[in-house]
Amino acid sequence: MLQPSSRTGDGLLKTLPHWSECPGRVLSLTLCIALLWLPGAAASTLNCHKTCICASNIVSCSKMNLTTIPTGLPLYTAVLDLSYNGIEHLRSEWTPVKLLKLHNLLLSHNGLHFLSLEAFQNVKQLRYLDLSSNNLQLLEEFIFEPLVNLEVLLLYNNQVSQIERSAFLGMINLQKLYLSQNQISRFPMELVKEKSRLEKLSLLDVSSNKIKTLPIDELQALPAWIKNGLYFHNNPVLCHCDLYTLLAHWYIRKLNSAMDFKDDYTCILPGPQKNKVGIFDLSGDSMNCSTFQEADEEAFLEQRLILGCDTKRRGMLKTWIMPGNVVVTAGSNQTAKVLPDGNLQINPVRNEDSGTYTCFAMSEAINETIYVVLKVHNFTMHGGGDSLNTAYTTLVGCLASVVLVLMYLYLTPCRCFCCPNKGKTPGDDSIHSSMLSVTPTHGDPALNRHVAFIDSKDSQGQNGKLNPSGDDDDDDLDAEAGSLMKGKRKKSVAESISSVFSDTPMVV
């Protein structure tokens, strides 16, 4: 191997004769020049016998105390394991050639703290990237953009405290993202939100971070196949009944994220002591949150309604059964039909559509059954306002009736026989009207009710009136008694007068 180098040294000795006096120095210089001229000898090359283990298309350089990535990697390399070394920088030139067959790259436990924006330009076929257990602190924007085929990205157990919103942009095939055990304080909602989410992302782990608040309403609106793999346990979130409701719903649906780590979902109670309690215990003495119950679907007559079969996995074969165990079939005359996405459309909604609908979802891995209870209101969606107006009209009518009744009872004028006769003085009222009137007088204070005691033996009447037994008033009394008792009881004038003029006190 060193013969060409010795020949080169001989040529140099001839051109530099004064070096012949120092043969040791000449030999050293000759060896250095020879090593520089050998192609690829200046860089650390892959050695499958000493520094790495090569097994077919797998190259394992784990635990070899490497500080740089060896060059000269075979183009057929499919799996490259560089874990448990001292590689702190991943620069753009770590592989000068494109490794088109490389699909697994492992760089965990290296103390890695720098990623070049062009570090993955020559490994675009990666499907599995392990960067866990390093010292990464920042995920810059577009850092993973070249990795359009990546399916699994491990970033757990780092020091990541900041994630740019576009850091994972372009990763259209990413399915699993592990960000647990970092310093993240903001929930990365853009990764799962409707219009900005990664379409194939089915697992997002942000557990054991420093997240204090969660977008609960947005999380509740996510489809079940995302919530099934959404882990956020062991975060210092603040206790709230909405948080309990969210996880209670997930637990009832048997979602993996709630079932697998039920005891690890904790929160911080409000107050100076900052006590930590289990989120599923908030329905007890901690905060007395209401027990969660699944809400029913509501619809109106003639409405177009879509019932969702929110399964834990996508791409499942779905079959619907209507109330009465009627299977929804294609091409039938039913008002219900199964849409291409597996949801059930009812158009138009009728009264008889109320009841429990069952969705059977099947796949090679699991089977799932979902029940949806539908309640149909007995009016159209646009008729609700008319019913409301009718209710208000009825209420106003009732109030008006009550007012009129009160006015009749308390504001009715006196009957004619209790009012002063025309041509009489105010004080010249009849004792008969004072005693026989049952309607209270109004207006004149002098006509207020009073008690009159009549003694038939006295010739002088009460209140300065003549004794009604006198001869002068017999005719008037007979006429008045007859008019008062007409149509009720037929009595003689004497009986009427004796019944009126008695010793019994009367309030008039």
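As shown above, the structure is provided for reference.
Heads up: these notes are all about the structure in this document.

The rules behind these values
- Residues numbered from 1 in each chain as written.
- Predicted model: local features only at pLDDT ≥ 70, side-chain atom pairs only at ≥ 80, totals over all residues.
- Heavy atoms only, no water.
- Helix = DSSP H or I, 4+ residues; strand = E, 2+ residues; numbered from the N terminus.
- Contact = heavy atoms within 4.5 Å.
- Pairing = 2+ DSSP bridges.
- Disulfide = S-S within 2.5 Å.
- Buried < 20%, exposed > 50% of the residue type's maximum accessible area, 1.4 Å probe, protein only.
- Expected span 1.5 Å × (residues − 1).
- Core = buried A, V, L, I, M, F, W, Y, C linked by side-chain atoms within 4.5 Å.
- Salt bridge = Lys/Arg side-chain N within 4 Å of Asp/Glu carboxyl O.

### Comments concerning the side chain of Thr-335
Okay, so step 1: Structurally, the position occupied by Thr-335 is in the loop between strand E19 (326-327) and strand E20 (336-338).
Okay, so step 2: Filtering out sequence-adjacent residues up to four positions away, Thr-335 remains in contact with Gln-345, Ile-346, Asn-347, Pro-348, Arg-350 and Asp-353.

### Digging into the sheet that holds E19
Okay, so step 1: In space, the five strands of this open sheet follow the order E16-E23-E22-E18-E19, with mixed pairing throughout. The strands lining the two open edges of the sheet, one partner per strand, are strand E16 (297-301) and E19.
Okay, so step 2: Here strand E18 (residues 317-322) runs beside strand E22 (residues 355-362); their pairing, made up of five bridges, is antiparallel. Residue pairing for E22: Ile-321 is matched across the bridge by Thr-358.

### Regarding the state of the cysteines
Okay, so step 1: By the definition in use, this model includes five disulfides.
Okay, so step 2: In this model, Cys-48 is linked to Cys-54 through a disulfide, with the two sulfur atoms separated by 1.8 Å. Here the S-S torsion is close to -65°, and the disulfide linking Cys-48 with Cys-54 is therefore left-handed.
Okay, so step 3: Residue Cys-54 is classed as partly exposed on the basis of its relative accessible area, which comes to 30%.
Okay, so step 4: One disulfide in the model links Cys-241 with Cys-289; its S-S distance is 2.1 Å. On the S-S bond that ties Cys-241 to Cys-289, the torsion sits near -85°, and the link is left-handed. With Cys-241 in helix H5 (residues 241-252) and Cys-289 in the loop between helix H7 (282-286) and E16, the pair connects residues that are 48 residues apart, well separated along the chain.
Okay, so step 5: Given the relative accessible area of 24%, Cys-241 is considered partly exposed.

### Considering H5
Okay, so step 1: For H5, which comprises 12 residues, the first-to-last C-alpha distance of 16 Å matches the rise-based estimate of 16 Å (1.5 Å per residue) to within 8%.
Okay, so step 2: Along H5, the residues that are buried comprise Leu-243, Tyr-244, Leu-246, Leu-247, Ala-248, His-249 and Trp-250.

### Quick notes on the nonpolar core
Across soluble globular proteins, nonpolar side chains show a tendency to be buried alongside one another.
Okay, so step 1: Leu-129, Phe-144, Leu-153, Leu-155, Phe-168 and Leu-177 are the most contacted members of the largest nonpolar core, which totals 78 residues.
Okay, so step 2: Of all the secondary-structure elements, those providing two or more residues to this core are helix H3 (216-220), helix H4 (224-227) and H5.
Okay, so step 3: If one sorts the elements of this core by residue count, H5 sits on top with six residues.
Okay, so step 4: Other than its neighbours up to four places away in sequence, Leu-153 contacts Leu-129, Phe-144, Phe-168, Met-171, Leu-174, Lys-176, Leu-177 and Tyr-178.
Okay, so step 5: Core analysis: the next-biggest nonpolar cluster, separate from the first, contains 18 residues, Met-322, Val-328, Val-349 and Val-376 among them.

### As for the side chain of Asn-228
Okay, so step 1: By the secondary structure assignment, Asn-228 is in the loop between H4 and strand E13 (230-231).
Okay, so step 2: Setting aside residues up to four positions removed in sequence, Asn-228 forms contacts with Lys-254, Leu-255, Asn-256, Ser-257 and Lys-312.

### Some words on the pattern of salt bridges
Okay, so step 1: In the structure shown here, the tally under the stated rule is six salt bridges.
Okay, so step 2: Here Arg-165 ties to Glu-190 by a salt bridge, and the two come within 3.3 Å at their closest N and O atoms. Note that Arg-165 is positioned in the loop between strand E10 (162-163) and strand E11 (176-178) and Glu-190 in the loop between E11 and strand E12 (203-205), a separation of 25 residues in sequence.
Okay, so step 3: A residue is classified by how much of its surface remains accessible, and Glu-190, at 12% relative accessible area, is buried.
Okay, so step 4: Asp-353 is the partner of Arg-350 in a salt bridge, and the nearest nitrogen-oxygen pair spans 3.8 Å.
Okay, so step 5: A relative accessible area of 1% means that Asp-353 is categorised as buried.
Okay, so step 6: When salt bridges with common partners are traced through the structure, they connect Arg-165, Arg-186 and Glu-190 into a single cluster.

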